[in-house]
Amino acid sequence: MNASMSYDVAIVGGGPAGMAAAERTIGAGLSTCLIDEQPRLGGQILRQPPPGFAVTGWQSGRLYRAARALLARVERLDAFDFRAGHAVLGVGAGHAEEGGFALSVQPLATGGVERIDARRVIVAGGCYDMPVAFPGWTLPGVMSAGAVQTLLKSPQVLPGGRIALFGTHPLMIVLAEQILAAGGEVAGVHFAQPRRAMLAALGPRLPGVLRAWRPLLEGARGLANLRQAGVPVHFGSAIVRAEGGDALEAITLLRAGGRERVACDVAAMCYGFLPQSDLVRQVGAAVRWAPGPGGWETLCDEGMRSSLPGLYVAGETAGVAGSDVAMLRGALAGVTLACDAGALDEVEGARVAAALRARIARLAPFTAMLRELADPQAYLPEPELETLVCRCEDVSARALDAAIAACAEGDDGFGASAVKLRCRAGMGLCQGRSCEHAVIRRIARASGREAAQVAGFTARFPARAVPIAELLERDAPAR
Amino acid sequence: MSGARRIEEGVRRPDRVTLRLDGADLAACPGESVLAALVASGARRLRDDREGTARGAFCNMGTCSECTVWVRKGAAAWVRRRACLVPVEADLCVLTHAPEAT
Ligand SMILES: Cc1cc2nc3c(=O)[nH]c(=O)nc-3n(C[C@H](O)[C@H](O)[C@H](O)COP(=O)(O)OP(=O)(O)OC[C@H]3O[C@@H](n4cnc5c(N)ncnc54)[C@H](O)[C@@H]3O)c2cc1C
Ligand code: FES
């Protein structure tokens, strides 16, 4: 077991938010440790090819320019520790006298659990694709849009010969273009919402939105490119089921004109993103149910301070808003922290923070429009009773409903943890990340509550599944 | 088998190494994830659930745990890992099912 290491700042997550935060804390002279379970810096939007790969024109599109510039700057910094390939399992209270935090970290290559101490912590864990249950969704070949995208970006692997995309998020347009550019075939892009619903979200906000015209232009250009390449793009086309034996062979969609069966070996869902917030919930910081896809976003003040002194959040952990906002919020968290630590002059810090907040405010209309335009809530497919909702513990919608009904007999205000105890949904390897939102929505529907009123699973250590043997190598907390 | 493949145009990769996957040889690129190597080889079924139904990877970003396999480097012990987070290297053995207790 390694000795504990001590820093002014530990940052969880090396994506746009974590990198922007690190740039500020390092710039203020604070000793900084950046931790990510991925092997390289960049986060989800910039999942880098492995070292030793050379990829011509990697992520050279305009949408990636600002994040790439940040990545290049941070990779040149040498005054900090980057722990790649280290999974953060938990954030807990630090030394009894000195305060601060103790992070439990698993080095994936060597195993075991190490402890990292930090006076302050920034959680910038990002977000993950909303997993949506429907008949056949557990077939190999059905995956998240992010999975397809990150396979293309990093190892440069096309996961299928014919890839179908479905969901409600416009990121599908970007992904379809990336598949084509990689020489792949897109079997169709299926937006579940009708075109008029998307235009209705766009219309009233147009003046504010036009200030962030670049992504709109890219979207329109992308749609035109897909049409030209002969890729069918449908609106109001909702997934019904996925079919196949040992793996996916086709998906069936329903729209006004009738049913369509689309042959494909990969079908990728894109209904939006849930904040990655298990670490902040575990340590007890306040969160709230997020709009749209849901999940838990961390409550924070205008300086990105969570409800726990010394714990800051940045990027999608504080609410899904895209990589430009993630970078700005990361920088804001870093600046606030540096001021709180006395490493940055208050007046100078306040000036920089105000400028960052102004830039975030300018992006707000676009973020709000995108959220409304991509909102999956009215378009989520319905699982059948035998469909598994919890993939890890194989809990069907039928078993889940029975557990919900049993809980309802005892107590009106029951939450997801009570249901979990009865049917094991959320007890598996993913620690409930995949099914929690679905369990909450089913409870809400059955008991006539809003999802935001239903308590989620109690977030427990470890945030990532670790074999008991490796946990036992864990250091006893220093006293 | 799927129509999966490595993108070749504009991509230079290091020389392949050989993985042992469930006892068979699989050529893979050092540095790419074990999951990427499996996907590129056309494999989609990674495990069976309690009903014996085929399952595959879902997120490729460490959150779903559907890609969990057992890996062993050289003479070290088997450890359970998410295949999407394990870089390929020489001397790596991968099992998609639990190793026999010895
Ligand atoms: C798969 C995927 C693909 C996406 N592609 C795009 C895109 O092409 N364009 C776009 O505009 N937006 C995209 N998004 C949205 C995108 O995530 C953000 O806009 C941006 O990357 C957010 O930055 P971030 O720093 O908040 O989070 P991220 O970039 O997600 O970075 C968070 C990092 O934290 C690490 N992490 C989280 N928890 C732990 C833990 N417990 N231990 C160790 N490390 C941890 C993760 O490995 C990750 O690298 C994508 C999202 C996903 C999930
Ligand atoms: S594919 Fe989801 S954790 Fe690896």
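Counting from 1, residues in each chain are numbered in the order their sequence is written. Working convention: letters from A go to chains and numbers from 1 go to ligands, in the order in which they are written. At least 70 in pLDDT is required for a residue's local features to be given in this predicted model, at least 80 for side-chain atom pairs to be given and counted, and no such filter applies to totals for whole chains, interfaces and linings, which use all residues. Hydrogen atoms and water are omitted, and side-chain values are computed over all heavy atoms in the structure.

**Some points on the pairing of strand E16 (residues 258-263) of chain A**
All names here are of chain A. Bridging between strand E15 (residues 248-255) and E16 involves six bridges; their strand directions are antiparallel. In the strand pairing of E16, Leu253 is matched with Glu260. The turn joining E15 and E16, which pair antiparallel and follow one another in sequence, is formed by two residues. Strands are treated as partners if at least two bridges between them are detected by DSSP. Numbering of helices and strands runs from the N terminus; a helix is a DSSP stretch of H or I covering at least four residues, while a strand is a stretch of E covering at least two.

**Overview of the side chain of A:Glu436**
Residues and elements named next belong to chain A. Examined against the element boundaries, Glu436 turns out to sit in helix H13 (residues 436-447). Among the polar contacts listed, one links the side chain of Glu436 to the side chain of Trp296, at a separation of 3.3 Å. Contacts between residues were defined by any pair of non-hydrogen atoms, one from each residue, lying within 4.5 Å. Each residue touching Glu436, except ones within four places of it in the same chain, is listed here: Arg281, Trp296, Gly456 and Phe457. Under this definition, polar contacts are N or O atom pairs within 3.5 Å; protein pairs additionally need one hydrogen-donor-capable and one acceptor-capable atom, and for neighbouring residues in sequence, both atoms have to be side-chain atoms.

**A word on the site of ligand 1**
Whether a residue is near a molecule or strand depends on its heavy atoms: if one lies within 4 Å, it is near. Taken together, 35 residues lie near ligand 1, and A:Ala17, A:Asp36, A:Val88, A:Gln149 and A:Ser323 sit nearest. Ligand 1 sits at a junction of chains, with neighbouring residues supplied by chains A and B. At 2.9 Å, a backbone N or O of A:Ala17 approaches an oxygen atom of ligand 1. At a separation of 2.9 Å, an oxygen atom of ligand 1 approaches a polar side-chain atom of A:Tyr64. If you list the elements that add at least two residues to the shell around ligand 1, you get helix H1 (16-27), strand E5 (86-95), strand E8 (127-129), helix H3 (145-153) and helix H9 (323-340) of chain A.

**Here we look at the packing of aromatic side chains**
Two aromatic rings from Phe, Tyr or Trp, using only the six-membered ring of Trp, form a pair when their centres are within 6.5 Å; if the ring planes differ by under 30 degrees the pair is stacked, by over 60 it is edge-to-face, and anything between is tilted. In this structure the tally under the stated criterion is five aromatic pairs over all chains. Centroid distance A:Phe134 to A:Phe166: 5.5 Å. Interplanar angle 90 degrees. Geometry classified as edge-to-face. Highlighted residues: A:Phe134 in the loop between E8 and strand E9 (142-144) and A:Phe166 in strand E11 (residues 162-167), separated in sequence by 32 residues. Of the two residues, A:Phe134 and A:Phe166, neither departs from the other in class, the shared state being buried. Relative to B:Phe58, the ring of A:Trp137 lies with its centre 5.9 Å away and its plane at 80 degrees, an arrangement referred to as edge-to-face. Of this pair, A:Trp137 sits in the loop between E8 and E9 while B:Phe58 is found in the loop between strand E6 (54-55) and strand E7 (68-73), placing the two residues in two different chains. When its relative accessible area of 1% is taken as the criterion, A:Trp137 is described as buried. One aromatic cluster is present, formed by A:Phe134, A:Phe166 and A:Tyr271 through successive ring pairs. To sit over a ring, a charge needs its Lys NZ or Arg CZ within 6 Å of the ring centre and within 35 degrees of the ring normal. One Lys or Arg, A:Arg391, reaches over the ring of A:Trp137 and ends 4.6 Å from the middle of that ring. Accessibility here uses a 1.4 Å probe with only protein chains present; expressed as a share of the type maximum, an area under 20% marks a residue as buried, one over 50% as exposed, and anything in between as partly exposed.

**Some remarks on the domain arrangement of chain A**
Residue and element names in this part refer to chain A. Reported domain spans reflect what an automatic or database domain assignment gives. By the assigned domains, chain A splits into domain 1 (2-128 + 274-344), domain 2 (131-271) and domain 3 (388-453). Its C-alpha centre places domain 1 at a distance of 30 Å from the equivalent point of domain 3. The interface of domain 1 with domain 3 comprises 10 residues on the first partner and seven residues on the second. Both faces considered, domain 1 and domain 3 share a buried interface measuring about 710 Å² in area, 53% of it formed by carbon and sulfur atoms. Buried area is a sum: the accessible area each of two parts loses on coming together, probed at 1.4 Å, counted once for each and added. A per-residue breakdown of the area domain 1 buries against domain 3 is headed by Tyr128, Trp289 and Trp296, which together make up 60% of the total. Salt-bridge detection follows one rule: a side-chain nitrogen of Lys or Arg within 4 Å of a carboxyl oxygen of Asp or Glu. One salt bridge in this structure joins Glu436 and Arg281, with 2.8 Å as the shortest N-O distance. Taken together, the connections running from domain 1 to domain 3 amount to six residue pairs in polar contact (both at pLDDT 80 or more). Looking at the side of domain 1 that touches domain 3 residue by residue, the class counts come to five nonpolar, three polar and two charged. Residue classes follow a fixed rule: Ala, Val, Leu, Ile, Met, Phe, Trp, Tyr, Cys and Pro count as nonpolar, while Asp, Glu, Lys and Arg count as charged, and any other residue, Gly among them, counts as polar.

**Things to note about the packing of H1(A) against H9(A)**
All names here are of chain A. Interhelical geometry of H1 versus H9 gives an angle of 30 degrees and a closest axis separation of 7 Å. One way to sum up the angle between H1 and H9 is to call them roughly parallel. In this structure, H1 meets H9 at a crossing whose hand is right-handed. For the pair formed by H1 and H9, the contact residues are Pro16, Ala17, Ala20, Ala21, Arg24 and Thr25 on the first element and Ser323, Ala326, Met327, Gly330, Ala331, Gly334, Val335 and Leu337 on the second. By residue class, the composition of the contact of H1 with H9 is nine nonpolar, four polar and one charged. Axis geometry follows a simple rule: fit a line to the C-alpha atoms, using only the stretch in contact for helices, then measure angles between N-to-C directions, giving values from 0 to 180 degrees. What sets the label is the angle itself: under 35 degrees gives roughly parallel, over 145 gives roughly antiparallel, 65 to 115 gives roughly perpendicular, and the rest give oblique. Left-handed is the label given to a crossing in which the near helix is rotated counterclockwise from the far helix by less than a right angle, and right-handed is the label when the rotation is clockwise.

**A few points about a nonpolar patch on the surface**
Residues and elements named next belong to chain A. Judged by side-chain polarity, Leu206, Leu210, Trp213 and Leu217 come together as a nonpolar surface patch covering roughly 350 Å² of accessible area. Mapped onto the elements, Leu210 comes out in the loop between helix H6 (206-209) and helix H7 (213-228). The exposure class of Leu210 is partly exposed, given its relative accessible area of 45%. Patch criteria: residues need more than 30% relative accessible area and no salt bridge. Like-charged residues are merged within 9 Å; nonpolar side chains of Val, Leu, Ile, Met, Phe, Trp and Tyr are merged within 5 Å. We get accessible surface area from the Shrake-Rupley algorithm with a probe of 1.4 Å; when it comes to residues, only the shown protein chains can shield them.

**Structural notes on the sheet that holds strand E13 (residues 233-235) of chain A**
Residues and elements named next belong to chain A. Taken together, five strands build an open sheet; the order of strands is E9-E17-E11-E12-E13 and the sheet is parallel. Either end of the sheet is taken by a strand with one partner, and the two such strands are E9 and E13. Adjacent strand axes in the sheet meet at a mean angle of 20 degrees, parallel and antiparallel pairs treated alike. Alignment of E11 against strand E12 (residues 185-191), held across six bridges, turns out to be parallel. Following the sheet pairing, Gly167 is matched in E12 by Phe191. Contacts between H3 and the sheet are confined to E9, E11 and strand E17 (266-270), with E9 contributing the most and set at about 80 degrees to the helix.

**Things to note about the pattern of salt bridges**
All chains considered together, the criterion is met by 38 salt bridges over all chains. Salt-bridge contacts for A:Glu185 lead to A:Arg162; the nearest nitrogen and oxygen are separated by 2.5 Å. Taken together, the residues span a long stretch of sequence, with A:Glu185 in strand E12 and A:Arg162 in strand E11 at a distance of 23 residues. Judged by relative accessible area, A:Glu185 falls into the partly exposed class, the value being 38%. Using a relative accessible area of 29% as the deciding quantity, one classes A:Arg162 as partly exposed. Of the charged contacts in the structure, one is a salt bridge between B:Glu89 and B:Lys73, with a shortest N-O distance of 3.7 Å. In this pair, B:Glu89 is assigned in the loop between strand E8 (79-82) and strand E9 (92-95) and B:Lys73 in strand E7, connecting sequence segments 16 residues apart. Judged by its relative accessible area of 41%, B:Lys73 falls in the partly exposed class.

**Details of the sheet that holds E16(A)**
All names here are of chain A. The antiparallel open sheet is built from three strands, whose spatial order is E14-E15-E16. Each end of this open sheet is capped by a strand with a single partner; those strands are strand E14 (238-244) and E16. Within this sheet the neighbouring strands show an average axis-to-axis angle of 20 degrees, counted without direction. Relative to E15, E14 is paired through six bridges, and the arrangement is antiparallel.

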